[in-house]
Amino acid sequence: MIMGSLQLYNTLTRNKSEFVPIDEQNVRMYVCGPTVYDFAHIGNARPVIVFDVLNRVLRAIYGEKHVTYVRNITDVDDKINARALRDFPQLPLNEAIAKVTEKTTKQYHDDVQALGCLAPDIEPRATEYVMAMAEMAQDLINKGFAYVAKGAQGREVLFSVESMPNYGALSNRKLEDQKAGARIAVEDHKRNSGDFVLWKESSASEPGWDAEYLDEGETHHIKGRPGWHIECSVMAREHLGEVFDIHGGGLDLIFPHHENEIAQSCCAHGEDKMAHTWLHNGFLQLEGRKMSKSDGNFVTITELMTTDKFGGRKWSGQVLKLAMLMTHYREPIDFSVKRLEEAEAIWKKWPTVENKGGAVAQSVMDALLDDLNTVNAIQAIHTLAGKAHESDEAAATFAASADLLGLLPVAEAISDDASSDIETKVALRLECLANKDWGQADQIRDELKSMGVLLKDGKDPDTGERVTTWEMER
Ligand SMILES: [Zn+2]
């Protein structure tokens, strides 16, 4: 039973308010996923981790079966085409693209799993919805929000930002201001420099789909591909409906991506909202500087976990996740080796206990309900970790609370043989202690320690007898 209500900061209203779902039986959330042309860097890990926490909190409140979390895969994009041409010049473009997107998508899934994040309920791929995107573009032409024009790169279907009276509401940008400050030359074929692509013509060597557009009585056959923004508008509607509860992503997506998603969806559907609540995570810097591949200040998730590129050693996905959640999601993060060390020091103090379905501590829940205050939640979990050995109930509360964030340490799986060997040694040591053979007992303890086994001595509360439990060092 969850006490208290979930408060979320809504970028659209610029304040923190109670989250009230449209339908409690089906709480719907869309988060922009990766464009699969390159391995995800740790900046990309942040939205994955942040919205995993929100997904878990929503599930805790409304029930496992009453939340639909959609995160897309953008597998059609000019960056992907460029990468395909670079890496597989000998292959036909479509095959080369498939190679790039398959490999990158698989790595992304592996990364997300290693971070201990749940998979979304639905993971649509843009290429599966291209015809629906073309239909939405035509619908926007029909309703007077879009037009066909010929630019330098071929014909395009463009969204007319001036046709939408409140365009710019999410990012708080007014069209007049944009015009006044505009340094970019208006491309001749655009009615306004802010007009953006819904569909663009492909050259013979680029991937393209056949589509026909009717604009002002004229039919245009444009073999082409969708713009990035319309991909999300269509995939969100296909799975969550025209208006849904939460839309999330990184701060850098507010403009133009999310602004344009809103423009397309609201104008196509005749609604004044696309999503009721918009959540954005803050930026990430690496060692005090902007992450940049060309400067060498750059690390991918998989490099961090499997190589010694960052701080001269490997880091676990769980430690990376914990390090990320030690900053509130809306604050900028300065990610560093020091921060990972701090997170690991905390992580190592958390016991390996199985979550048998205990209740999450109210202190942890209260923190998360307050706009996902993971900083306070982790502090509360750390306090619970320190008390976990006191009673079964305390251990169960700790386990349930850590598990809510997907941060419950799991004991290394060890073979039955190794386990019985350890048990034998532990029993032998207890015998030594009973016989006051301290030297021999210490020797066994040291031997076990060298095997990564930590011993904890205690007393049986009923009999008062000495008991020893053990766990594998993490
Ligand atoms: Zn998107």
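Residues numbered from 1 in each chain as written. Predicted model: local features only at pLDDT ≥ 70, side-chain atom pairs only at ≥ 80, totals over all residues.

Asker: Please explain the overall build of the protein as it appears in this structure.
Answerer: Scanning the protein from N- to C-terminus turns up 15 helices and 17 strands. Per-residue burial for the protein yields a buried fraction of 40% across its 474 residues. Sequence separation of at least 24 residues holds for 71% of the intrachain contacts in the protein that already meet a minimum separation of 6. (Helix = DSSP H or I, 4+ residues; strand = E, 2+ residues; numbered from the N terminus. Buried ≥ 20, exposed ≤ 12 C-beta atoms within 10 Å, placed from the backbone. Contact = placed C-beta atoms within 7 Å.)

Asker: What exactly am I supposed to notice about the sheet that holds strand E7 (residues 196-201) here?
Answerer: Strand pairing in a sheet takes place through backbone hydrogen bonds and is either antiparallel or parallel in direction. In space, the 4 strands of this open sheet follow the order E5-E6-E7-E10, with antiparallel pairing throughout. Since the sheet does not close on itself, it has two edges, and those belong to strand E5 (146-151) and strand E10 (224-226), each with one partner. Sheet twist, expressed as the mean angle between neighbouring strand axes with direction ignored, is 30°. (Pairing = 2+ DSSP bridges. Axes fitted to C-alpha atoms, helices over the stretch in contact; angles between N-to-C directions.)

Asker: Mind showing me how you'd approach helix H2 (residues 78-87) here?
Answerer: For an α-helix the count is 3.6 residues per turn, leaving residues at separations of three or four pointing the same way. Those residues of H2 not exposed but buried are Ile80, Asn81, Arg83 and Ala84. End-on, the buried residues of H2 take up no more than an arc of 165°, which puts them together on one face. Seen from the buried face of H2, the exposed residues on the opposite side, beyond 90 degrees, are Ala82 and Arg86. Taken together, the buried residues of H2 touch helix H3 (93-114). (Arc of directions from axis to C-beta.)

Asker: Is there a simple way to think about the sheet that holds strand E11 (residues 244-250) in this case?
Answerer: Taken in spatial order, the 4 strands line up as E4-E3-E11-E12 in an open sheet, and their pairing is parallel. Strand pairing shows two members of the sheet lacking a second neighbour, strand E4 (67-71) and strand E12 (275-281), which therefore form its edges. With strand direction ignored, the average angle separating the axes of adjacent strands in the sheet is 20°. Along the sheet face, helix H6 (residues 228-240) touches strand E3 (27-31), E4 and E11 and points at about 155° away from the line of E4.

Asker: Just to check I follow, could you spell out the packing of H6 against helix H7 (residues 254-269) for this structure?
Answerer: Put simply, H6 and H7 touch, their axes get as near as 8 Å, and they point 55° apart. Our classification of the angle between H6 and H7 gives oblique. Note on packing geometry: the crossing formed by H6 with H7 is right-handed. Facing H6, whose interface residues are Trp228, His229, Ile230, Cys232, Ser233 and Arg237, H7 presents His257, Asn260, Glu261, Gln264 and Ser265. Residue classes in the contact of H6 with H7 are distributed as 3 nonpolar, 6 polar and 2 charged. (Parallel < 35°, antiparallel > 145°, perpendicular 65-115°, else oblique. Left-handed = near helix turned anticlockwise from the far one by under 90°. Nonpolar A, V, L, I, M, F, W, Y, C, P; charged D, E, K, R; others polar.)

Asker: Looking at this structure, how should I read the pairing of strand E17 (residues 466-472)?
Answerer: Put simply, side chains in a regular strand alternate between the two faces of the sheet. Pairing analysis gives 7 bridges linking strand E16 (residues 453-459) to E17, with the strands arranged antiparallel. Note on E17: the bridge partner recorded for Asp457 is Thr468. The hairpin formed by E16 and E17 contains 6 residues between the paired strands, and Gly464 there has a positive phi angle of roughly 75°.

Asker: Got a minute to help me understand the packing of helix H12 (residues 374-387) against helix H13 (residues 392-404) in this structure?
Answerer: A pair of packed helices can be characterised by two numbers: the angle between their axes and the separation between those axes. Where H12 contacts H13, the two axes come as close as 8 Å, and the packing angle between them is 150°. It follows that H12 is roughly antiparallel to H13 by the angle criterion. Crossing geometry of H12 relative to H13 is assigned as left-handed. For the pair formed by H12 and H13, the contact residues are Ile381, Leu384, Ala385 and Lys387 on the first element and Ala394, Thr397, Phe398, Ser401 and Ala402 on the second. Tallied by class, the residues present in the contact of H12 with H13 amount to 6 nonpolar, 2 polar and 1 charged.

Asker: What's the story with the pairing of strand E1 (residues 7-10) in this structure? I'm lost.
Answerer: In this sheet, strand E2 (residues 15-18) lies alongside E1 in antiparallel orientation, the contact comprising 4 bridges. If you follow Leu8 over to E2, its bridge partner there is Ser17. Adjacent in sequence and paired antiparallel, E1 and E2 are bridged by 4 residues, among which Arg14 carries a positive phi angle near 60°.

Asker: When you look at the nonpolar core in this model, what are you seeing that I'm missing?
Answerer: One broad trend across soluble globular proteins is that nonpolar side chains are buried collectively. Ala137, Leu140, Ala146, Leu198 and Val364 are the most contacted members of the largest nonpolar core, which totals 123 residues. When residues of this core are assigned to their parent elements, the largest contribution, 11 residues, is made by helix H1 (residues 42-62). Once residues lying within four places of it in the same chain are set aside, the contact partners of Leu140 are Phe145, Ala146, Phe159, Leu198, Gln264, Cys267 and Ala268. (Core = buried A, V, L, I, M, F, W, Y, C linked by C-beta atoms within 7 Å.)

Asker: How should I be thinking about unusual backbone geometry in this particular structure?
Answerer: For residues besides glycine, phi is generally negative; the peptide bonds are generally trans as well. Here Phe255 and Pro256 are connected by a cis peptide whose omega angle stands at 0°. Structurally, the position occupied by Pro256 is in helix H7. Despite not being glycine, Glu216 shows a phi value in the positive range, around 50°. For Glu216, the position within the fold is in the loop between strand E8 (212-215) and strand E9 (218-221). Glu216 gets classed as exposed once you count the C-beta atoms within 10 Å, which come to 7.

Asker: What exactly am I supposed to notice about the environment of Gly357 here?
Answerer: Looking at the secondary structure, you find Gly357 in the loop between helix H10 (337-349) and helix H11 (362-369). In this structure the C-alpha to C-alpha distance between Gly357 and Ser160, which are 197 residues apart in sequence, comes to 53 Å.

Asker: Help me understand the domain arrangement of the protein, please; the structure alone is not making it clear to me.
Answerer: Many analyses report the size of an interface as the accessible area lost when the parts associate. For the protein, the assigned domains read domain 1 (9-281), domain 2 (294-349), domain 3 (351-404) and domain 4 (416-472). Placing a centre on the C-alpha atoms of domain 3 and another on those of domain 4 gives a separation of 29 Å. (Domains from an automatic or database assignment.)

Asker: It is not clear to me how the environment of Asp392 should be interpreted in this structure. Could you clarify?
Answerer: With respect to the helices and strands, the residue Asp392 is situated in helix H13. Spatially, the C-alpha atom of Asp392 lies 18 Å from that of Leu404, the residues being 12 residues apart in sequence.

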